[in-house]
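Spelled out, the chains give:
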Amino acid sequence: MHHNEREATLHLLAWRKKYRMRLHDDKFHESPILGLYLREGDENSIPTPLHGVGTWREPFDPTGSSKVRLLDSAIHVFAATFGLQDGHTQAKALRMLELMYTSSQMEKEKLNRFAVGTTLISESQGKVKPREEDVCASNVIATILSCLQALPLQEATYDTVIGVGPPWMERATNLLLRLLPSPSDVIRRGAAEGLSYLATLGVSEDAHTLQSTILHSLDEVMKGNTHGNQPKSQIDTISFARSGSLLALACIQRAAKRMKKTEIDRAVSRSVSRAPDTDDSAIDGPPFLIMMTRILPSLTTQNPEAGSHLARTYALHSFGVMVSNSISISDETLSPDRIQIIWKAVEAVETSFLGAWSPAVSDISKGKEREKFALEAAFLAVLLRLMTTILPWLQHFTTLDRWIPSRFSCIASTILECCGGHPVVLFEGAVFFERLNFYKSLVSTNSCCVTMTENPVGLALPFLISVIRPPQPKIVADNEGDFTSCQGALDAQRSAVMCLKAFCSSSDARNDAFLSFDLANALYSFLHDRCGRRSFQHFTNCRSLALSRAVTNYFEDCQLIETETISLIHALLKAQVLGRNAEDQSYICMRWLLSTRSLVSGDMIKRGQQKSDAHDDFSVSTLIERAGFIGRRDASLTLEHSNPPRWQLKCIAGNVASIVIGMMLDIDSKTEDISMFNYKSAHARCTEMLRDDHSHIYSNRLHSYPIFHVDELVMMACSAAAATSNHSEIPSVQISGVRILISLFHAFGRELDVATSDGTFVLQQFSSQIISAVKHAINSENSHKDTASGHEFHRLFAVGCEALFVMMRYGFITDSIAMKRLLKPVLVSAGEVPFSSYPSNGENIFYSISSKSVDIIDDPRTYPLFRISKLSFAARVSVAIELSQIDQTSASMLSDNLETHKVATAVHAAAYAIDGFLLQRCKSNLNDESRYTAENFTGLTFENRSDLDDSVEYEIVNSWPTFTAYAVKSLLASLQTSSSDDEIKPSLKEWLGKLYPIACSGLRRALSGTERKCDSNLTKLHDSETLALLIYSLRCFVMEKEIVNYDFYCPHELSNIVQTLTKNIISGHLGLRDSTKGVQHKLMSDSRDDYHDLLLNQSCMLIEDICRNLGHLPAKSILLTQLVLQPLAAAQEHQMEITNDNIFIICSFVRSTQSILENCSANEKATLEKSLVQLSLSILKDAHFDIIEKVNATCASLLKTCCEQTCMSHQEWGRVVAFAASSGLWDAWTTLSSTLPSSVVITSSIKAVKSALADFNRSSNHTNALVALRTALQSASTDSPSLICFALQHVGFEVLQLLRAYSLRIISGNNFDEFRILVCTESVKINLIAYQYLNSASMEEKDVLPFLSAVFDVLVEAISFNGLPNDPSGRNGADENIGRMCAQVFVHVARTTPAMFKSTMTVLSVERRSVLEAAVRADMSGYVAPKNNSAKKKLNLKGFVR
């Protein structure tokens, strides 16, 4: 290697660090675009803490010339040692620089003296290098600036006379003043910067004197008198001198502010007792107003003799620098003098635009044509920058002149329209409109302006699109737009992209009609052009000095613009969707989705295939066809450059398609009327739109839905998942294709196929293509060996494992053989997961396993993705089976394959769970103090965090909740089994001891909202899913009380978690408000999904488990009781309505209160029991009919628990039973009657029962009351038979009355036919219970006969009305079942008490007796149909006559 290349390699890391810093979100003048180029703070960031001790500066980029590097080193050493010398030596060194510059100028004058001026030389003066751009002057300027920058903040005078400072300063000042009128821009700027350092450096006494001297000298230079009182020069020299002097004044003001800021920062870093005063009035700086008076005359000159375009340009620039470094943007009020300064700036802008920037005419600008043309771009750029600078203060002029921002927008629009071809003008224009959009409230419509000024987006968008429009070389133009663009500069394109992103990110961007699909198409075309300017991965590391640094910077900048454009596309999509109604959102998403499908598939419209938007016969099929055509038309604007498109564009379009599907899922979850993914619902909605909209134009009022294009979307995803180029795999595109498949499963996974009626899902018709695509992804572990870019195949395998899990979750794979084939590549082997104890003695086997690679060309930073993805897949599937997220058929097929190496797999999952938790915590708590510790973080599965690729860290961080849940469940299950080796049980318990703190800590951080998402890539897992998994992990600990000891938990840990869960999750879902703060709890999003319901389920189950095992846990029973009763009390007080949406929570909390009641002490039980009884009855009373069945069993169980070990008296229970009966709570009344003494139940509530049975208007109440009464009488028949007599004396008549009314259809109602059979059945049963009681009581016949005769009369009437089987009555509404039931009663009495039956027969009338006898005979004969015994007539053949 050549020594030049070795030297260049030493600076490679510093350059890379500088490049990475360009991605930070910095601002200058509140503009992020300017912040990319004009930052001051982060450019000199120290790479290590050791570099921060001294005044280390980042070295400059090396050069290939050894002479230049030698000169740079000499200047650096000279400046580094300059401050260590005494005053005499410093002055001598400056004298040497002065003599060197003087001698070089004298030599040039000698050469020019003997030069012969010819016509040829005079004509080519513009092509010869100017004499002022010599090496000597540039090196002298560089040396002086390096010396001044190397000096400390306060330079000592070294016992010199107080006057103008040390002698070297005076010499440096004189030398810089001589160089200030130079025609060279570089030398002029260097001299101005040097004078600014001298004017602000030194002790306080010397500084004032030196400042005055410099300002006085600048006045002389501005007048044309160079230093040394030389005679006045020509007008060009005066122009250069004035320009340099004006720039020096601005640099002095800027340097003074920078010095003051540095002094304040140092004072703060030294922890002074009182922070320095930061007020501008306290700054002991140069005289601002005096310097401003030097600048203002140059802004108002119109005479070429008194000024020039160069001087005016520098005056505008200096004025802007002075204003920005003297007036704070944060000031709410401005003093009168500062308002006057801003007003002067506005006048300067308008007069310069109208007067100075005008066509060159012979009378005024004769001879200035070349200067105006050369300085036009700089002048306009400075003018735009000045307008950008004073924009924040225009709010103070709304009463004086509110049209200033409007005029500024017109000026900027005119400049960009006429002279917008220069990159600098384009850059400043983008900055101006980005800031103008921020202060959009100041802009209003001005009738004096030609252009529309009320919307900055509309003004800036045409020129921004022209900047990013790629070139289209053609021989013949299709339209005028083909010749309006050229390849723009990178800085201009990047500024345009960032300006567009600011438009999309603004709060009112969704109301701008300018952010349309045309902009999206332009961005895709620009991205397609920029994607072709890439270098290979290690291009920068392998380059030599033969390749310029500018070339590598160009490729890196192109890649940076590509990244920012992708971010802009996402911001544009978000801006178009947010803030609109569901119809508009679905239309926008459908257009994005179909256009990205065409981009990925390369499906475009050929020439001549254009169609009109309106159709006469518009139908649903035509609407679907039109939607696909518009998607192809949008993509054709990009595909016409190249088809097939670049693989980068395919990848980006695929990712956008996944995002769009996710947005549509979110929209669909919030829409209750229709479903975009259901065929019947979408078809009905399209039909309705066709009926309502008569224009038949595809728009937001008439559009398609994704279910109609599912075949196109699946084909796009499968083709992208198997994308190749020249028989080479393209893993980036394949990853995007698999992600589209995952999104399609979330959208259509549970939608049925309407073409079939066998219950198959709509995606199962594409099973062969989908399985093939996913199989290709999970087999990438073997495919990556054939290529050098293995890191992409690692990511492809990870996303393939995710897709396989989603397929299993939605039950897509039903064939066991196919299941085994797909599982084979993703199951871990024994060599990948060897068992290991927790590494506490320095020996860690995880390091060697994680870094183990099978190929030397493989990327070791991403290779662990294979093993992590396998472990994550096994963990997710196992946890999903436990949480019933996978159907039983798939779960049974998966369980056998996942049982292998379960203990070792759980141990490795625990290690990754710990590392993932710590990495996420490291990301969340990253600050200046812990920065280096976070970067050098060491975990269980990696030696250094820098060894991990972003994708590996992403997978670990997002999978740690799943790893935790899987490891806890598997380790506890292993400890329960007797087959586990006793030697490894202590190790397993040690792993459990490490997992419990991270589960609790992660749950607390997630619930409290302190988990900051500092990295958008670390939010893969849904927040609800993360919480649900951590809660499930905690449930596993709570339920295994035999393994997890009491001392295992932290005191009050579980109580605090339950309190946070109830407050943030349960109360937020129920819509309860905090009584102390008056705010409504809302942690989760409004949209409902599976993870939302899973979180609610696990939260309630955790509270149930803690309450059930309260005696074995260190939890506060009083706090738990309060938390559990709070939602129930809210339901009792009607603060919320009990619905199907929250019935699960209510039932769970009722079961929790039951567990608390069972475990509470005797002192607490009395009060709690009364409250729970009232609570359960109140819930049952307020529950709607559609949910009463769900809550009945839970409340009945609670009432039964209260009754079994009751502390209440019989009198109190009597009132409870009476309330239940009077309120119609018959299920609760039945539960109470089966538990409490029958005497208490029946005697206390018999009046309420009688009232319920006598009310003919409530049929449902009759049924429930009869069932409850029959149950109570059956219980009383064994405990206290006399209660039957008591009950029937009160309600016997009502029961018999109901039997007659229902059997004869005397009454009617809404649900009469539904309850008719049941009421008759229960009434007959109650009368049979009364008959059995009378029969068993050995009562006399005269006492029983009236009862039986009354019953027989009613039964006979029922048989006469309803008839019997095979003997119908023919009456309207008759039911043979009722007649058969009555006949069975007669048979039962006849067989049980024949004598009593005969006596009752004698009492009945003849008609009734005949009906009774017929009924008995029919029932005993089995209701056989009567046979007709009449003989058939024979045919008499003889009777026929031929």
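Draft legend 1. Examining the environment of Ser586 more closely. Structurally, Ser586 is set in helix α23 (residues 582–601). It is 8.5 Å that separates the C-alpha atoms of Ser586 and His703, two residues lying 117 residues apart in sequence. Engagement of the side chain of Ser586 in a polar contact is seen with the backbone oxygen of Glu583, the distance being 2.8 Å.

Draft legend 2. Focus on the nonpolar core. If you look at the biggest cluster of nonpolar residues, it comprises 237 residues, and the most contacted ones within it are Phe408, Phe433, Trp592, Leu763, Ile770 and Leu804. Setting aside residues up to four positions removed in sequence, Leu763 forms contacts with Val710, Val714, Leu744, Phe745, Phe748, Gly749, Ile770 and Phe812. By size, the runner-up hydrophobic cluster in this structure holds 189 residues, among which are Val907, Tyr1032, Leu1034 and Val1038.

Draft legend 3. Spatial organisation of the pattern of salt bridges. Under the criterion given, the structure shown has 33 salt bridges. Note that Arg171 and Glu98 form a salt bridge whose closest N and O atoms lie 3.4 Å from each other. Of this pair, Arg171 sits in helix α8 (residues 167–179) while Glu98 sits in helix α5 (residues 87–113), and the two are 73 residues apart along the sequence. Among the residues examined, Arg171 registers a relative accessible area of 30% and is labelled partly exposed. Here the salt bridges share partners, and the residues they tie into one network are Arg1035, Glu1104, Asp1105, Arg1108 and Arg1151.

Draft legend 4. Representation of the packing of helix α44 (residues 1143–1159) against helix α46 (residues 1188–1204) in the model. Running from N to C, α44 and α46 cross one another at 10°; their axes reach a closest spacing of 10 Å. The orientation of α44 with respect to α46, classified from their angle, is roughly parallel. Counting all contacts with α44, which are made through Ile1143, Cys1147, Val1150, Arg1151, Thr1153, Gln1154, Leu1157 and Glu1158, the residues of α46 involved are Lys1190, Val1191, Thr1194, Cys1195, Ser1197, Leu1198, Thr1201 and Cys1202. Taken together, the residues of the contact of α44 with α46 break down into eight nonpolar, five polar and three charged.

Draft legend 5. The arrangement of the packing of aromatic side chains in detail. For the coordinates displayed, the defined rule picks out 21 aromatic pairs. For the pair Phe797 and Phe866, a centre-to-centre distance of 5.2 Å together with 75° between the ring planes defines the contact as edge-to-face. You can see Phe797 sitting in helix α31 (residues 790–809) and its partner Phe866 sitting in helix α34 (residues 865–882), a full 69 residues away along the chain. Each of the two residues, Phe797 as well as Phe866, counts as buried. Here Tyr996 and Phe1037 contribute two aromatic rings whose centre-to-centre distance is 5.2 Å and whose plane-to-plane angle is 80°, an arrangement assigned as edge-to-face. Of this pair, Tyr996 sits in helix α39 (residues 985–1008) while Phe1037 sits in helix α40 (residues 1023–1039); the two residues are 41 residues apart in sequence, bridging distant segments of the chain. Assessed through its relative accessible area of 3%, Tyr996 is described here as buried. Judged by its relative accessible area of 0%, Phe1037 falls in the buried class. Feature note: the residues Phe78, Phe82 and Trp168 constitute an aromatic cluster, connected by ring pairs.

Scoring rules and cut-offs
Per chain, residues are indexed from 1 in the order of the written sequence. The model is predicted, so local features are restricted to residues of pLDDT at least 70 and side-chain atom pairs to those at 80 or more, both for listing and for counting; the totals for chains, interfaces and linings are taken over all residues. For the side-chain quantities, the full set of heavy atoms in the structure was used; hydrogens and water were omitted. Under the scheme used here, helices are H or I runs from DSSP no shorter than 4 residues and strands are E runs no shorter than 2 residues, and both carry numbers assigned from the N terminus. Here a polar contact means two N or O atoms within 3.5 Å. Within protein one must be a hydrogen donor candidate and the other an acceptor candidate, and residues neighboring in sequence count only if both atoms are side-chain atoms. The term nonpolar core refers to a set of buried residues drawn from Ala, Val, Leu, Ile, Met, Phe, Trp, Tyr and Cys, joined through side-chain atoms within 4.5 Å. Exposure is judged per residue with a 1.4 Å probe applied to protein chains only, and the accessible area is read against the type maximum: over 50% gives exposed, under 20% gives buried, and values in between give partly exposed. It only takes one pair of heavy atoms within 4.5 Å for two residues to be counted as in contact. Should a side-chain nitrogen of Lys or Arg be within 4 Å of a carboxyl oxygen of Asp or Glu, the pair is scored as a salt bridge. To obtain an axis, a line is fitted to C-alpha atoms, over the contacting stretch when the element is a helix, and the angle between two such axes runs from 0 to 180 degrees between their N-to-C directions. Each angle is binned into one of four classes, with values under 35 degrees roughly parallel, values over 145 roughly antiparallel, values of 65 to 115 roughly perpendicular, and all other values oblique. Under the grouping applied here, Gly and all other residues not named as nonpolar or charged are polar, the nonpolar ones being Ala, Val, Leu, Ile, Met, Phe, Trp, Tyr, Cys and Pro and the charged ones Asp, Glu, Lys and Arg. Working definition: a ring pair exists when centres of Phe, Tyr or Trp rings (six-membered ring for Trp) sit within 6.5 Å. Plane angles under 30 degrees give stacked, over 60 give edge-to-face, the rest tilted.

In short, shape yes, function no, at least from these values alone.
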